[in-house]
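# Geometric and topological summary
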Amino acid sequence: MEQLPGGRRPRLVSSLGLEQRAWEVTLDEERGRLAWRDPRPPRRADENCFVPTSEIIAVEETELNKKQRNSGKWQKMGKPHAFTVYYVKKARNHRWRCSDVTFWCADEHLCNQWIQALKELLEMQKSRPKQLLVYINPYGGKRQGKRIYEQKVAPLFSLASISTDVVITEHANHAKDNLFEVNINKYDGVVCVGGDGMFSEVMHGLIGRMQKDSGIDQNNPKAPLVQCNIRIGIIPAGSTDCICYSTIGISDPVTSALHIIIGDCQPLDVCSVHHNNTFLKYCVSLLGYGFYGDILKDSEKKRWMGPMRYDYSGFKTFLTHHYYEGTISFQPAKHTLGSPRDKYACRTGCYICKRSEQQLAQQQKQCGLKHEEEEEEWKVIKGKFLAINAVNMSCACPRSPKGLSPAAHLADGSADLILVRKCSRFDFLRYLVRHTNQDDQFDFSFVDVHRVKNFQFTSKLSEDNESNVTDMGKKRFGQFCRDHPACCCNIANSTWNCDGETLESSAIEVRVHCQLMKLFARGIEETCKDEGTYSQSSVEQLL
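This structure is a prediction, so every number in the text was calculated from the model and none was measured. (Residues numbered from 1 in each chain as written. Predicted model: local features only at pLDDT ≥ 70, side-chain atom pairs only at ≥ 80, totals over all residues. Heavy atoms only, no water.)

## Structural notes on the packing of aromatic side chains
Taken as a whole and assessed by the stated rule, the structure comprises 16 aromatic pairs. Their ring planes at 15° and their centres at 6.2 Å tell us that F83 and W114 sit as a pair that is stacked. On the criterion of sequence distance, the pair formed by F83 in strand 6 (residues 81-90) and W114 in helix 2 (residues 108-123) is long-range, its members being 31 residues apart. Pairing Y149 with F157 gives two aromatic rings, centres 6.3 Å apart and planes at 65°, and the pair type is edge-to-face. With relative accessibility at 5%, the residue Y149 sits in the buried group. (Phe/Tyr/Trp six-rings, centres within 6.5 Å; stacked < 30°, edge-to-face > 60°. Helix = DSSP H or I, 4+ residues; strand = E, 2+ residues; numbered from the N terminus. Buried < 20%, exposed > 50% of the residue type's maximum accessible area, 1.4 Å probe, protein only.)

## A short note on the pattern of salt bridges
If the charged atoms of two oppositely charged side chains come close together, the side chains can form a pair. One pass over the structure, following the stated rule, counts 22 salt bridges. K186 is the salt-bridge partner of D165, the closest N and O atoms lying 3.9 Å from each other. Of this pair, D165 sits in strand 9 (residues 163-168) while K186 sits in the loop between helix 4 (174-179) and strand 10 (189-194), placing them 21 residues apart in sequence. Here D165 falls in the partly exposed class, since its relative accessible area comes to 27%. Assessed through its relative accessible area of 41%, K186 is described here as partly exposed. Here D448 and R421 are joined by a salt bridge, their closest N and O atoms 3.3 Å apart. Taken together, the residues D448 in strand 18 (residues 447-459) and R421 in strand 17 (residues 415-421) connect sequence positions 27 residues apart. Given the relative accessible area of 23%, D448 is considered partly exposed. By relative accessible area, which is 26% here, R421 ends up partly exposed. A single network of salt bridges, built from pairs that share partners, joins E55, K90, D264, R522 and E525. (Salt bridge = Lys/Arg side-chain N within 4 Å of Asp/Glu carboxyl O.)

## Some thoughts on the confidence of the model for the chain
A low pLDDT score tells you not to read the predicted coordinates there in detail. Taken over all residues, the pLDDT of the chain has a mean of 86, while the share at 70 or more is 84%. Mean pLDDT across the elements of the chain ranges from a minimum in helix 14 (residues 472-483), with 41, to a maximum in strand 17, with 98. Low pLDDT (under 50) marks residues 468-489, which in the prediction has 15 contacts with non-local residues, meaning those over four places away or in another chain. Low confidence marks residues 528-543, where pLDDT is under 50. Its contacts with residues over four positions away, or in another chain, come to 25 contacts. (pLDDT = per-residue confidence, 0-100. Contact = heavy atoms within 4.5 Å.)

## Points about the environment of L118
Mapped onto the fold, L118 is located in helix 2. Taking the C-alpha atoms as reference, L118 lies 8.6 Å from A58; in sequence the two are 60 residues apart. Leaving out residues up to four positions away in the same chain, L118 has contacts with L27, I56, V59, F83 and V85.

## Topic: the packing of helix 3 (residues 145-159) against helix 7 (residues 253-261)
As a packed pair, helix 3 and helix 7 sit with axes 10 Å apart at the nearest point and diverge in direction by 30°. Relative to helix 7, helix 3 is oriented roughly parallel. The hand of the helix 3/helix 7 crossing is right-handed. Listed contacts from helix 7 to I148, K152, V153, L156 and F157 of helix 3 are P253, V254, A257, L258, I260 and I261. Grouping the amino acids of the contact of helix 3 with helix 7 by side-chain chemistry returns 10 nonpolar, no polar and 1 charged. (Axes fitted to C-alpha atoms, helices over the stretch in contact; angles between N-to-C directions. Parallel < 35°, antiparallel > 145°, perpendicular 65-115°, else oblique. Left-handed = near helix turned anticlockwise from the far one by under 90°. Nonpolar A, V, L, I, M, F, W, Y, C, P; charged D, E, K, R; others polar.)

## Considering the packing of helix 9 (residues 308-320) against helix 12 (residues 425-433)
Where helix 9 contacts helix 12, the two axes come as close as 10 Å, and the packing angle between them is 145°. Judged by residue contacts, F318, L319 and T320 of helix 9 engage R425, F428, L429 and L432 from helix 12. Among the residues making up the contact of helix 9 with helix 12, the classes are represented as 5 nonpolar, 1 polar and 1 charged.

This is the structure in structure tokens:
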């Protein structure tokens, strides 16, 4: 063990065998990496390898196979001693895989020294989970959840010495109800195997349990909610995996499992949705009225079609081209540094999220939440809308790589409110196509986007009913229009699509809760192809 000057952490350097050659292997605790290189000249760049110690999965003593022992150099020595290091290997498109490298030496003491040093480093990784509660939805998507977990995820958890308690859900809200009963403090995290619906169920259970234990009334829309310190891991196995795609950059079970194993942590904003001082739902991705609400409502009748139902219902909803009248009022998120059209995408270690959270906390500390809401102005917009969408994240997916709002941030305490006014079918099609390419999807006269922290919506029908303007005949006519949408008039009310679940109430009040929960994720890592990358200085110069 080499002692470094200046009080730096020790460094372990040895000449170890790798395949049939001797390599110089270095464990540098100060830099936090394990490196190995071929000491023989000429040294090629591709023969210098290193792995961050934070991305080492496990270390095991290894028994070399007979084929390796019988080859050249092995015959000249006694039984060799070897160990295998399992680590994260990053591939293209944010995909992670478990790779391994095996080192050997003749000295048993040296081999044990390396194994002990590496295991001690892994023990120092305090953010890594030791015990997880796993919920598997066996019915979601293509009904592959149980197989995906057992074949792809469970072996990795076992390799990383993570113990698990597995619950196979049997009915809707099984996981949510169970989270109110279990001793949640014994776990380092909760993992859900399924789609966005399964994640929503686990999220509601965790947040609800936290508020219950803290004595917070969820029906109070102005109540400051208590943050959840227990992280949620998502193993994608459903029809839609938008949240997974938007937080790690890919929908892949192995990649998600590796993020869980190394203990990544990504805070996430959550929207609470209320109606008349009654709590309805929490939302983390899409809250959509009009187009996306109608798609969901129609697709629920065709679940037998599987994931294809969304394509069918989407095409059908596009052809019907219904618009909805209403009033939307919102409070702009003045604490945020960015804007929906600034082109700065949310990435790992996002500076905008960190600074926005700090400014929001400072504002609330100075004047208090209730006083702040009373003082700040509300903006009001009335009109006829084809779609009203509020997103807490980009909502990217394979079909829409940039998502509904490319510059939306995961943890800045705001939501992007997108208003698509009544327009022709052709113009609306142009808007939808923009979601699949690199063009600015907000560059239309009929599209408005605002970064908000609260908003309220009331449909025209609700306004008329509350003011007693609508007589019984008009109410019956409105019902007739809902039952017979082929007529030319607009449908009275649409349905809210809240993370893939329908809300019956059209009049809602929505509030963004900054970094209310945490995921086993790190945000999407930057690549050289990212146009939306940024630095702290570039953001400050822009603002």
